[in-house]
Every structure is written in C-alpha cells, then in structure tokens.
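Secondary and tertiary structure notes
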Amino acid sequence: MKVIMLGAPGAGKGTQAKQIADKYSIPHISTGDIFRANIKNGTELGKKAKTYMDQGLLVPDELVVELVADRIQQDDCKNGFVLDGFPRTIPQAEALDAALENINEKMDYAIDVDVPDENIINRMSGRRACLNCGATYHIVSIPTKVEGICDRCGSPVVLRDDDKPETVKRRLEVYHEQTQPLINYYKKQDILRTVNGVQPMEDVFKSIVEILGA
Ligand code: AMP
C-alpha cells in the first residue's frame, strides 16, 4: 500500500503516518525527519536544508526529489510506504509520479488531514520535539512523562525553531501557496481522501483505517 499524507504543518499527519506504518508494516518516510537527521550529522545536505527550514521555507525541489526517488526504490518499500511531508509542491508530485511510473507503480491514496489554520497555530505553540531522537510531544495532548524530558531517550525536549509562532505563520502561507494545490492534483487522479483532523487522534486514525481497510 502506497500512501501520501497531506495536510498543513501541525495537522498531525506525522503522528498518523507513524501509526499507519506500524499497522500496515510499511516504512514511514518523512522528508522533514531525513533533513533533521542530516542537520544533526552535519552533512552538506543538512547545511543547505537548514537555511530554508529555519525560515519556514521549503527546501528547493531538486534537493528533495532525488532523495525520495531513491528511498522508495529500496527493498523495504516493496510492499508500500507512507510518505509524510512529501510531496509538498506540484513539481515534486510530478517527479514522484514519474519515478513510480518507471517501476510500473502508482500511489494508492493521498489522505488529507484537514485542520483549519486557527487550530494549527494553537497546536504548534504547544509542540515539543526531542532534538536527539526526533520524538515529538505536545504540552497538552501528548505530554512527556517528566516535564521537558524525552520519554524515549531522556534528552531535553524543546520548541523547534520551525515551530515558533512567526515561523508557523510563514509555514502556513507557504502551505497554502505551494502545497494546497496538491489536493486538486490528487482529486483529479481520484485518490484523494479527506479526514477531519479536528477530532481526537484515535478517531482520526479510525477514519484513516476505514479508508485503507483493516
Ligand atoms: P516537516 O517536519 O515535514 O514539517 O518539515 C520541516 C521542514 O523541512 C519544512 O518546513 C521544510 O523546510 C522542509 N521540508 C520537509 N519536506 C520537504 C519537502 N518535501 N519539500 C521541501 N521542503 C521540505
């Protein structure tokens, strides 16, 4: 099963993508996580990506397209994968379709986790991330067991630079301009499914399972 998660930053698509990956035993491919790992490891790609990410801007298509095209052709993707944070522009979506066409495949579903901007802004200010292992939390809905400390690895959790209010506003603008057009793109391909993202996470997941099949 090959699934794309769509939705504004903070819509909860990462959390849902992880659960989909677990339930259907397919890899979770998050381009944001890949960039953050590269930043942490001080790679050339990481250095380039960071300048855009810190400003709430998208990393240029050419830095992300090849990375994903290679990733989805690895062995563990044979039974499918869930893409989280990619594609984010029409050229990225076209490049993905072309890469899949080369191996006689196509995407099965694009799931849009729909959340209004006001909810997004409230949510993101409460988000906390572990810069060591990448785990994410929320001070209200998914708190750490010990305040400020990652449950998984014990490192401090912080408000990521790209979750700061001024950056969130910019990311939402970028989302509406560059990513929202993908909704129509996948509607035309008849693989778009929309779920209401303003409900408890478990219910969002239930709606997704209804779409993908149990
Ligand atoms: P995310 O964790 O998916 O919200 O991504 C964090 C940041 O990484 C984004 O704000 C972008 O700067 C960058 N990024 C992640 N995925 C992409 C992509 N597919 N295209 C361009 N930039 C991306």
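Report on the accompanying structure.

A short note on the sheet that holds strand E6 (residues 136-138)
The strand order across the open sheet built from 3 strands is E6-E5-E7, with neighbouring strands paired in antiparallel fashion. Of all strands in the sheet, those bounded by a partner on one side alone are E6 and strand E7 (157-158). Helix H6 (residues 117-125) rests against strand E5 (127-130) and E6 of the sheet, and its axis sits at about 45° to E5.

As for the layout of surface pockets
Where empty space is left in the structure can be found by rolling a water-sized probe over the atoms. The volume enclosed by the second largest pocket comes to roughly 580 Å³. Along its surface, the second largest pocket is lined by 22 residues, and Arg-36, Ala-37, Cys-130, Leu-131 and Arg-160 are the ones closest to its centre. Mapped by element, the contributors of at least two residues to the lining of the second largest pocket are helix H2 (31-40), helix H3 (44-53) and E5. Sorting elements by how many residues they give to the lining of the second largest pocket places H2 first, with 5 residues.

Concerning the sheet that holds strand E1 (residues 2-6)
The sheet built from 5 strands is open, its strands ordered E2-E3-E1-E4-E8 with parallel pairing. With one partner strand each, in any of the chains shown, strand E2 (28-30) and strand E8 (192-196) form the two edges of the open sheet. The average undirected angle you get between the axes of adjacent strands in this sheet is 25°. Two strands pair when backbone bridges link them, and E1 and strand E3 (residues 81-84) are joined in this way by 4 bridges, in the parallel orientation. Each residue of the ladder has a partner; that of Lys-2, found in E3, is Phe-81. Running at roughly 170° to E3, helix H1 (residues 13-24) makes contact with E1, E2, E3 and strand E4 (109-114) of the sheet.

Conventions used here
Residues numbered from 1 in each chain as written. Predicted model: local features only at pLDDT ≥ 70, side-chain atom pairs only at ≥ 80, totals over all residues. Heavy atoms only, no water. Pairing = 2+ DSSP bridges. Helix = DSSP H or I, 4+ residues; strand = E, 2+ residues; numbered from the N terminus. Contact = heavy atoms within 4.5 Å. Axes fitted to C-alpha atoms, helices over the stretch in contact; angles between N-to-C directions. 1 Å grid on protein atoms, 1.4 Å probe; cavity = no way out; pocket = protein on both sides within 12 Å on 5 of 7 lines; lining within 4 Å. Points joined across faces, edges and corners; volume = space filled by probe spheres on them.

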